[in-house]
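A closer look at the structure
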Amino acid sequence: AISLVSFAGWLYFGALADALMVAVAVLIVACPCALGLATPTSMMVGISRGAEMGILIRNGKVLERARKITTVVIDKTGTLTHGKPSVTDVISQTEGRGRLLSYAASAEFGSEHPYAKAIVAAARETGTAWASPQQFEAMPGKGIRAVIDGEEILVGTPRWLMEKGIALSSYQEEVERLSEEGKTPVVVAVNRKVYGLIALSDTLKESAKGLVAALHRMGIKVILLTGDHHGVAQIIAHETDIDQVISEVLPTDKAAKIKELQQAGEQVAMVGDGINDAPALAQADVGIAIGTGADIAIAAADITLMGEDLRRVVNTLSLADATIQNIRQNLFFAFLYNTILIPVAAGWFYPLFGILLSPILAAAAMGLSSISVTANALRLKSFKEKTYIPGDYHGRQL
């Protein structure tokens, strides 16, 4: 429209050649190359820089959503902890340690859960024999039911066994004590009678506390979401300064908890690694999977972190912020270029200053604007990883 108006004006007051030159110059200057490059160039460079830092980002839309995150929800086992629990206590008021471990290992032998593997490993280390179950049924987030030599064996959470109508009265104090010590109590029942407890403990990742501290400095709320006992979750939350605990959650309910937070107005990022976390990772605004976790969790997530270093979560959010800022800078440069040069090309300043832009110079300026946008996008290659030691983090900045 400006080109047509300029052509008509110059044709009225001047020669046809001048009118054509002005109209073509306006069209060349207004060519939206810089505008078209502004967003995709920054996105490509941002995603590329993320890959260099061990952060695999599915697409550019993920970066846009990641910048708006207000709450980070973190799974416990395998995410906040190393996911390699070990047996710390074997308690029975009627049976020996070996017999209790034998029952538990026999029931858990077919399970892929980290706790099951820890129980089997403890039985193997102590030379305890176990048998293969004739029947095996896993109850996600609850425990295992197995039948061995005609005996029904239940191994699972205290809450699940009480739901099955099995009394834990004689072991209730031990359950509470173990939970207060930060250990996870697992109950072993044979033929609906409690035989004892097995306590397991996992260690926090070295980067866990630094992650929470850095997220707090960014103004982001941190929530621990776990199927573990409430007492165990509270101890971990206290050690890492996590804001809120949602514990004893069944795997099928994790996605519902994320949805509740979203309905409350939160922009949620979910960090997890297990099969049980996959629905929650898919439900979250941004799903972040630990690369050492289950394949289904990685497939469901928007972002995959290579390795176990949780500080990459903060690097991800910082990189997203830097990328969006870079896009805004590019758009500003592109619009500023058009705002300044279109009036010049249209000859608006010719009557006062004798300034007129030829099509050749307009083409050069248009190319220069594209170069400036691309060069600005490439600044993202210099995005620096942070160590995020508590106290030295200075904000989400490029």
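As a reminder, the structure under discussion sits directly above these lines.
Being a predicted model, the structure only gives us computed values, none of them experimental. (Residues numbered from 1 in each chain as written. Predicted model: local features only at pLDDT ≥ 70, side-chain atom pairs only at ≥ 80, totals over all residues. Heavy atoms only, no water.)

Focus: helix α11 (residues 230-240)
Which entries qualify depends on this criterion: Exposed residues in this analysis have more than 50% of their type's maximum accessible area, buried residues have under 20%, and partly exposed residues fall in between, with area computed by a 1.4 Å probe over protein chains only. We count a stretch as a helix when DSSP gives it H or I for four or more residues in a row; a strand needs E for two or more, and each element gets its number in order from the N terminus. Throughout, the arc means that of the directions going from the helix axis to the C-beta atoms. Here a residue-residue contact requires only that any non-hydrogen atoms of the pair lie within 4.5 Å.
Those residues of α11 lying buried are Val232, Ala233, Ile236, Ala237 and Thr240. Summarising the axial view, the buried residues of α11 lie within an arc of 135°, below the 170-degree limit, and thus occupy one face. Summarising the contacts, the buried residues of α11 are in contact with α5 (76-80), α9 (172-180), β7 (184-190), α10 (208-217), β9 (221-225) and β10 (244-246). With its phi angle positive at about 65°, Asp241 sits one or two positions after the end of α11.

As for the packing of aromatic side chains
So the rule is basically this: Note on ring pairs: Phe, Tyr and Trp rings are taken, using the six-membered ring of Trp, and paired if centres are within 6.5 Å. Classes follow the plane angle, with under 30 degrees stacked, over 60 edge-to-face and the rest tilted.
Evaluation of the coordinates by the stated rule reveals 3 aromatic pairs. Measuring from ring centre to ring centre gives 5.7 Å for Phe109 and Trp130, while their planes differ by 40°; the resulting arrangement is tilted. One end of the pair, Phe109, is in the loop between α6 (97-108) and α7 (114-125); the other, Trp130, is in the loop between α7 and β4 (135-139), and 21 residues separate them in sequence. Since its relative accessible area comes to 43%, Phe109 is described here as partly exposed. Judged by its relative accessible area of 27%, Trp130 is partly exposed.

Describing the sheet that holds strand β6 (residues 151-156)
Our working definition: Any two strands with at least two DSSP bridges between them are considered paired. Between the N-to-C directions of two axes lies an angle of 0 to 180 degrees, each axis being a line fitted to C-alpha atoms and, for a helix, fitted only over the stretch in contact.
Across the sheet, 6 strands lie side by side as β3-β8-β7-β6-β5-β4; this open sheet has antiparallel pairing. Both outer strands of the open sheet, β3 (86-91) and β4, are each paired with one neighbouring strand and no more. Averaged over all pairs of adjacent strands, the angle between their axes in this sheet comes to 20°, without regard to strand direction. Here β4 runs beside strand β5 (residues 143-148); their pairing, made up of 5 bridges, is antiparallel. Of the residues in β5, the one forming a bridge with Gln135 is Val147. Of the strands in this sheet, β3, β4, β5, β6, β7 and β8 (193-201) are in contact with α6, which crosses β8 at around 80°.

Regarding the packing of α6 against α7
What counts here: Here the word oblique covers every angle except those under 35 degrees (roughly parallel), over 145 (roughly antiparallel) and from 65 to 115 (roughly perpendicular). Should the near helix be turned anticlockwise from the far one by less than a right angle, the crossing is left-handed, and should it be turned clockwise, the crossing is right-handed. When residue character is reported, Ala, Val, Leu, Ile, Met, Phe, Trp, Tyr, Cys and Pro are called nonpolar, Asp, Glu, Lys and Arg charged, and the others, Gly included, polar.
Two numbers describe how α6 lies on α7: the axes approach to 9 Å, and their chain directions differ by 135°. Regarding the angle of α6 to α7, the classification is oblique. Crossing geometry of α6 relative to α7 is assigned as left-handed. Across from Leu101, Ala104, Ala105 and Glu108 in α6, the residues of α7 making contact are Ala116, Ile119, Val120, Ala122 and Ala123. Here the contact of α6 with α7 is composed, by residue class, of 8 nonpolar, no polar and 1 charged.

With respect to unusual backbone geometry
A positive phi angle, close to 50°, is found at Asn191, a residue other than glycine. The phi dihedral of Arg192 falls on the positive side, at around 65°, and the residue is not glycine. Relative to the elements of secondary structure, Arg192 occurs in the loop between β7 and β8. For Arg192, a relative accessible area of 43% translates into the label partly exposed.

Considering the sheet that holds strand β11 (residues 268-272)
Taking strand neighbours across the sheet as the criterion, the 7 strands line up as β1-β13-β12-β11-β2-β9-β10 in an open arrangement whose pairing is mixed. Looking along the sheet, the strands with just one partner apiece sit at the ends: β1 (55-57) and β10. The mean angle between the axes of side-by-side strands here comes to 20°, regardless of whether they run parallel or antiparallel. Sheet topology places strand β2 (residues 71-75) next to β9; 5 bridges connect them, and they run parallel. Looking at β9, one finds that Ile74 is bridged to Leu224.

Re the nonpolar core
Soluble, globular proteins show a tendency: their nonpolar side chains are buried together. To keep it simple, the criterion reads: Residues belong to a common nonpolar core when they are buried Ala, Val, Leu, Ile, Met, Phe, Trp, Tyr or Cys residues joined through side-chain atoms within 4.5 Å.
Counting 46 residues, the largest nonpolar core has Val72, Leu80, Leu215, Val286, Ile288, Ile303 and Leu317 as the members making the most contacts within it. The element best represented in this core is helix α15 (residues 311-345), accounting for 8 residues. Core analysis: the second largest hydrophobic core is formed by 22 residues, Tyr115, Ile153, Val188 and Tyr195 among them.

Some remarks on the pattern of salt bridges
Pairing is possible between side chains that carry opposite charge, provided their charged atoms lie close to one another. For the record, the criterion: A carboxyl oxygen of Asp or Glu within 4 Å of a side-chain nitrogen of Lys or Arg is what we treat as a salt bridge.
This structure, assessed with the given rule, holds 15 salt bridges. In this structure, Glu52 engages Arg49 in a salt bridge whose closest nitrogen and oxygen atoms are separated by 3.0 Å. With Glu52 and Arg49 both in helix α3 (residues 33-52) and 3 residues apart, the pair spans about one turn of that helix. Taking the relative accessible area as the measure of exposure, Glu52 reaches 47% and is therefore partly exposed.

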